[in-house]
Amino acid sequence: MRNPPSGTGARVLVVDDDLTVAEVVTGYLERAGYAVDRAVDGPGALDRAAAREPDLVVLDLMLPGMDGLEVCRRLRARGPVPVIMLTARGDEDDRILGLEIGADDYVTKPFSPRELVLRVESVLRRSRAAAPAPRPGAQLRAGALALDPAARRATKRGADLALTVREFDLLAHFLRHPGRAFGREELMREVWGWDFGDLSTVTVHVRRLRGKVEDDPGAPRLIQTVWGVGYRLETGAAEAPGVPGEVEEPGAEAPAVAADPAGREGGSRP
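Residues numbered from 1 in each chain as written. Predicted model: local features only at pLDDT ≥ 70, side-chain atom pairs only at ≥ 80, totals over all residues. Heavy atoms only, no water.

With that out of the way, let us pick up the overall build of the protein chain. Scanning the protein chain for helices and strands turns up eight helices and twelve strands. The buried share among the 270 residues of the protein chain stands at 51%. Pairs at least 24 apart in sequence give 58% of the contacts found in the protein chain among residues at least 6 apart. A total accessible area of about 12500 Å² is found for the protein chain, and carbon and sulfur atoms account for 51% of it. (Helix = DSSP H or I, 4+ residues; strand = E, 2+ residues; numbered from the N terminus. Buried < 20%, exposed > 50% of the residue type's maximum accessible area, 1.4 Å probe, protein only. Contact = heavy atoms within 4.5 Å. Areas by Shrake-Rupley, 256 points an atom, 1.4 Å probe, with all protein chains shown as cover.)

With that settled, consider the environment of A142. Position of A142 among the secondary structure elements: in strand β6 (residues 140-142). Residue class for A142 comes out buried when judged on its relative accessible area of 10%. Sequence-wise, A142 and F174 are 32 residues apart; in three dimensions their C-alpha atoms are separated by 9.8 Å. Filtering out sequence-adjacent residues up to four positions away, A142 remains in contact with L175, L222 and L233.

The next subject is the sheet that holds strand β8 (residues 153-156). The four strands lie next to each other as β6-β7-β8-β9, forming an open sheet whose pairing is antiparallel. One side of each edge strand has no neighbouring strand; the edge strands of this open sheet are β6 and β9 (159-160). Sheet topology places β6 next to strand β7 (residues 145-148); three bridges connect them, and they run antiparallel. For A142, the partnering residue across the bridge sits in β7 and is L145. With respect to the sheet, helix α6 (residues 165-176) is in contact with β6, β7 and β8, its orientation differing from that of β7 by roughly 110°. (Pairing = 2+ DSSP bridges. Axes fitted to C-alpha atoms, helices over the stretch in contact; angles between N-to-C directions.)

Before going further, it helps to spend a moment on the sheet that holds strand β5 (residues 105-109). Strand order in the open sheet formed by five strands is β2-β1-β3-β4-β5, with parallel pairing between adjacent strands. Of all strands in the sheet, those with a lone pairing partner are β2 (35-39) and β5, marking the two edges. Strand after strand, the sheet turns through a mean of 20° between neighbouring axes, direction not considered. Taken together, the four bridges between strand β3 (residues 56-60) and strand β4 (residues 83-88) define a ladder with parallel strand orientation. Paired with L59 across the two strands is M85, which belongs to β4. Along the sheet, helix α3 (residues 68-78) contacts β3 and β4; its crossing angle with β3, the most-contacted strand, is approximately 160°.

Shown next as structure tokens:
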């Protein structure tokens, strides 16, 4: 028998107007030990979240009245609640936009409910990871950036950065390994905790993170592209000149990932 998930007892808000999908997702989450609230539209989701703050939101992109992107914007404006978006396979632009406005992960329909539960576990584990007691020298720094892993706080020139769970973990990973180049597969494995998935997720999060930490995201000095490999944190970022055009992403685009009935994902890697 599998061990109970690390997020057992957490409250998950499921927002989907497809009652069949919502019931299946709810059943799997409850069997995994989660308390589940449900809403069928955007206003209902915001009301539910206001009445009882969820630990995580599973949010369908296509909702009546108010779409999932707007719901995600409003949820993220209220606070750092993690969001996993459910998207149709053909909605790549909207899926990427969802990540850019603050969603922490996404799952494409049709999907394996077991996969979704694992994604929920992964996001919650990272967002609620026990932090060690702060100690002198525990902060990570690069140029004007400072990151405190214990407090889950990142600043730039003393001003707080509003980072999502994945953005914080990605920045922390770069700061812990300055000067080392990482491929997108390696970042997905070490930051997301997944050995499979759509590598464009990493691309979007790097782009979004650059938008928050770089003085000029169009000519990044800190998180630089290593052509044909991936990305590297430049330790001399404060002095190094920016290279225009480095926002182009390494490697070929990864194809859409399909979920099989057993809950595994396939798809070739670039």
